[in-house]
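In case you want the letters, here they are:
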Amino acid sequence: MRKLGGVRAPHRKGTAASAPERIPIPPEVRLPMSMHIGAPAKPVVKAGDAVKVGQLIGEASGFVSSPVHASVSGKVKRVDEYDAVTGLGALSVVIESDGEQTPHDGLRAPEVNDMKSFLGAVRESGVVGLGGAGFPTAVKLTVKDISAVDYILINGAECEPYITSDTRTMLDETELLEEGALLLGKYLGVKNIVFGVESNKPEPISRLAEFTSRRDGMEVRTLPAMYPQGGEKVLIYQITGRRVPEGKLPLDVGVVVLNCTTLTAIVKYIKTGMPLVSKCVTVDGSAVVKPGNVVAPIGAPLSSLFEFCGGLKGDVKKVLMGGPMMGIAAPSLDMPVLKATNAALAFSEKDARLPEETPCIRCGRCVSHCPMGLMPLEFERAYRLKKPELLERYKVNLCMECGCCAYSCPAKRMLVQYIKLSKIMLRERQAADKAAAERKEAAV
Ligand code: SF4
Ligand code: SF4
């Protein structure tokens, strides 16, 4: 097997021993209609409506979409747009909590007895990739030819520094993971179900091994304690030796990958009928008084998580949603917890200062550390030269924006930023080429 790149970033998993605690219900939550990849959900409530926990407030608006449910009981205050963490406007439903957390009367455990009803339940649960990706899980599991899939990989590789929410899932919800693995085996009929966990998590590994060792076709695979073992394509390569070609999906190489917390969320819905309405989030960073893991209603403002953890201290310079390698800077503490939010990190000035970029010395470190075998320095050059054809040739779309290149660069080049801009440039060029070709065809 080809040696993968990656980096040995400091783990900083100080919260791994912190069992998640529920935060008090905030007075207000904001539930964006787009917490997933695909078409935004369509609101089915309006200002003034009374809602209860688990009630549908946004219906999926297409195949690649996901429903959204109320995470608190109370009254809909407004349905409006807000500036999401991406910087784009996003439709959301704001609910004023009554503090009662009354469950919706219509909640029933779904009847699941075959693949079709299992996939229907996954769709209704509102579960999306909870490891950060946010891809609707029902879509991921809807496979044209299931006999072509021989591996389901359960991703327990929580490789980003600081984040320990999946670690807590593996420790606190081991039984649900066993039930989930059995459900996948039963309804999808896939023979090999492999949990991937890095070697720096011996306790989760031994907890999982307790049941995988007595189940046919199940196993735990220990991965190197390196970043980014949790990247989907990296995980697939490490466990099966298969490479997902450019423009293809894991399914094309016979593999489905699910995050471990995603799997427990599905099982919870199938057992109780309560859709995804809360999330375990790691709250950490040098500006947090008492770091720990918390369970928050989806839509809770980040400020309510930090308050629960003793508040923020010193000169807070940066707040991240997600980890330090792939997380996104939050412009305000009002930003809501999303389905896929696994960490809220706050850093002081000293830890958030950006290093100064110096000229590239063509040392090649970014290339040798790239787990996808790409040439990140060439992306920056092609972007600066405004040459989308070079970006295409160097396969910029294979980049998963893991940040290993920028992390290892001695010149502190902001390679991921250039890569993100490069992808936009290439997309625009491809769209322009397509439109020109269509115009030409129409003129013939
Ligand atoms: S690691 Fe940095 S300095 Fe070295 S080749 Fe890559 S971009 Fe240039
Ligand atoms: S961000 Fe992209 S180019 Fe850089 S190391 Fe990761 S996959 Fe490679």
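Residues numbered from 1 in each chain as written. Chains lettered and ligands numbered in written order. Predicted model: local features only at pLDDT ≥ 70, side-chain atom pairs only at ≥ 80, totals over all residues. Heavy atoms only, no water.

### Examining the overall build of the chain
Put simply, the rule reads: Numbering of helices and strands starts at the N terminus; helices are DSSP runs of H or I of at least 4 residues and strands are runs of E of at least 2. Atoms counted for the radius of gyration: C-alpha only. Globule rule: 2.2 Å times residue count to the power 0.38. Only protein chains enter the accessibility calculation, which uses a 1.4 Å probe; a residue whose area is less than 20% of its type maximum is buried, one above 50% is exposed, and one in between is partly exposed.
From N to C terminus, the chain includes 14 helices and 17 strands. In summary, the chain has a C-alpha radius of gyration of 22 Å against a globular reference of 22 Å for 444 residues, a match within 12%. With the C-alpha coordinates aligned to their principal axes, the bounding extent of the chain is approximately 60 × 60 × 50 Å. A buried classification covers 53% of the 444 residues belonging to the chain.

### Some remarks on the packing of aromatic side chains
Each aromatic ring pair is described using two quantities: the centre-to-centre distance and the angle formed by the ring planes. The cut-off we apply is this: Two aromatic rings from Phe, Tyr or Trp, using only the six-membered ring of Trp, form a pair when their centres are within 6.5 Å; if the ring planes differ by under 30 degrees the pair is stacked, by over 60 it is edge-to-face, and anything between is tilted. Lysine and arginine charges are scored as sitting over a ring when NZ or CZ, respectively, is within 6 Å of the ring centre and within 35 degrees of the ring normal.
Scanning the entire structure with this criterion turns up four aromatic pairs. Ring centres of F195 and F211 lie 5.7 Å apart, and the angle between their planes is 85°; this geometry places the pair in the edge-to-face category. Here F195, found in strand 10 (residues 192-198), pairs with F211, found in helix 5 (residues 202-212); they are 16 residues apart in sequence, far enough to count as distant. Against the face of Y383 rests K386, its NZ or CZ located 5.0 Å from the ring centre.

### A few points about the site of ligand 1
Applicable threshold: Distances are taken per atom, and a residue is near a molecule or strand as soon as one of its heavy atoms is within 4 Å of it. Nonpolar residues are Ala, Val, Leu, Ile, Met, Phe, Trp, Tyr, Cys and Pro. Charged residues are Asp, Glu, Lys and Arg, and all others, Gly as well, are polar.
In the vicinity of ligand 1, the contacting residues are C360, I361, R362, C363, G364, R365, C366, L377, C409, P410, A411 and R413. Here the residues of the shell around ligand 1 are counted per class, giving eight nonpolar, one polar and three charged.

### Some thoughts on helix 7 (residues 260-272)
Operational definition: A helix is expected to span 1.5 Å for every residue after the first. Nitrogen and oxygen atoms within 3.5 Å of one another constitute a polar contact, given that in protein one can donate a hydrogen and the other can accept it, and given that sequence-neighbouring residues count only through two side-chain atoms.
Between its first and last C-alpha atoms helix 7 spans 19 Å; for 13 residues at 1.5 Å apiece the expected length is 18 Å, and the two agree. Of all 13 residues making up helix 7, ten are buried, and the element is well covered by its neighbours. Taken as a whole, helix 7 has its buried residues at C260, T261, T262, L263, T264, A265, I266, V267, Y269 and I270. The N-cap of helix 7, judged by a side-chain oxygen 2.8 Å from the amide nitrogen of T261 a few residues on, is N259.

### Concerning the site of ligand 2
Every residue near ligand 2 is listed here: C370, P371, M372, P376, C399, M400, E401, C402, G403, C404, C405 and I419. Across the shell around ligand 2, the residue classes tally to ten nonpolar, one polar and one charged.

### What to know about the state of the cysteines
Keep this limit in mind: The definition used for a disulfide is geometric: two cysteine sulfur atoms within 2.5 Å.
Under the definition given, this model contains zero disulfides. Here C260 stays unpaired: no disulfide links it, and the sulfur of C280, its closest cysteine neighbor, is 10 Å away. On the basis of relative accessible area, C260 is assigned to the buried category, the value being 0%.

### Re the packing of helix 3 (residues 165-172) against helix 5
To be explicit about the condition: For every element, the axis is a line fit to its C-alpha atoms; helices are fit only across the contacting stretch, and the angle between N-to-C directions ranges from 0 to 180 degrees. By definition, any crossing whose near helix is turned counterclockwise from its far helix by less than a right angle is left-handed, and any crossing with a clockwise turn is right-handed. Residues are treated as being in contact if the distance between any of their heavy atoms lies within 4.5 Å.
Taken N-terminus to C-terminus, the directions of helix 3 and helix 5 make an angle of 35°; their axes are 9 Å apart at the nearest point. Taken as a pair, helix 3 and helix 5 cross one another with a handedness that is left-handed. Here T167, M170 and L171 of helix 3 come into contact with helix 5, specifically with E203, P204, R207 and L208. Residues that form the contact of helix 3 with helix 5 fall into these classes: four nonpolar, one polar and two charged.

### Section: the nonpolar core
Rules: Put simply, a nonpolar core is a bunch of buried Ala, Val, Leu, Ile, Met, Phe, Trp, Tyr and Cys residues held in one set by side-chain atoms that sit within 4.5 Å of each other.
Ranked by internal contacts, the top residues of the largest apolar core, which has 81 residues, are I57, F118 and L305. Beyond its immediate sequence surroundings of up to four residues, I57 is in contact with L31, M33, K42, P43, V44, V45, V51, V68, H69, A70, V93 and I95. One finds Y394, V396, L398 and L426 within the second-largest nonpolar core, a separate group that totals 23 residues.

### Some words on the sheet that holds strand 14 (residues 292-297)
Our working rule: Strands are treated as partners if at least two bridges between them are detected by DSSP.
Across the sheet, six strands lie side by side as 1-14-13-17-15-16; this open sheet has mixed pairing. Strands at the two margins of the open sheet, each flanked by one partner only, are strand 1 (21-22) and strand 16 (328-329). Here strand 13 (residues 278-284) pairs with strand 14 via six bridges, running antiparallel. When the sheet's bridge partners are listed, K279 is paired in strand 14 with A296.

### A closer look at the pairing of strand 10
Rules: With strands facing away from the observer, any crossover in which the path from the first strand over the helix to the second runs clockwise is taken as right-handed.
Summarising burial for strand 10: six of the seven residues are buried, a large majority. For the crossover from strand 10 across helix 5 to strand 11 (residues 218-223), the handedness is right-handed.

### Some words on the pairing of strand 17 (residues 343-348)
Extensive coverage of strand 17 is indicated by the burial of six of its six residues. Taking every second residue as pointing to the same face, both faces of strand 17 are buried, with A343, L345 and F347 on one and A344, A346 and S348 on the other. Here strand 13 runs beside strand 17; their pairing, made up of three bridges, is parallel. If you follow V283 over to strand 17, its bridge partner there is A344. Where strand 15 (residues 316-321) lies against strand 17, five bridges are found, and the strand directions are antiparallel.

### Section: the pattern of salt bridges
So the rule is basically this: A carboxyl oxygen of Asp or Glu within 4 Å of a side-chain nitrogen of Lys or Arg is what we treat as a salt bridge.
Counting across every chain of the model gives 27 salt bridges. In this structure, R384 and E380 form a salt bridge, with 2.9 Å as the shortest nitrogen-oxygen distance. Taken as a pair, R384 and E380 lie in helix 11 (residues 376-384) at a separation of four residues, close to a single helical turn. Through salt bridges with shared partners, one network takes in E357, E380, R384 and R413.

### Let's talk about the environment of A287
Within the secondary structure layout, A287 lies in the loop between strand 13 and strand 14. For the pair A287 and F306, spaced 19 residues apart in sequence, the C-alpha separation works out to 9.7 Å. Discounting chain neighbours no more than four positions away, the residues touching A287 are G311, L312, K313, V316, A346, F347 and S348.

### Observations regarding the domain arrangement of the chain
To keep it simple, the criterion reads: Residue ranges for the domains trace back to a domain assignment, done automatically or taken from a database. Accessible surface is computed with a 1.4 Å probe, and the buried area is the amount of it that two parts give up when combined, taken over both parts together.
If you check the domain split of the chain, you get domain 1 (7-22 + 109-352) and domain 2 (365-443). On the domain 2 side, the residues contacting the twelve residues of domain 1 number 13 residues. In this assembly, domain 1 packs against domain 2 so that about 1,000 Å² is buried in total across both faces, 69% of it on carbon and sulfur atoms. Between the two partners, domain 1 and domain 2, sit one salt bridge. Scanning the region where domain 1 abuts domain 2 turns up two residue pairs in polar contact (both at pLDDT 80 or more). Of the residues that constitute the side of domain 1 that touches domain 2, the class distribution is eight nonpolar, one polar and three charged.

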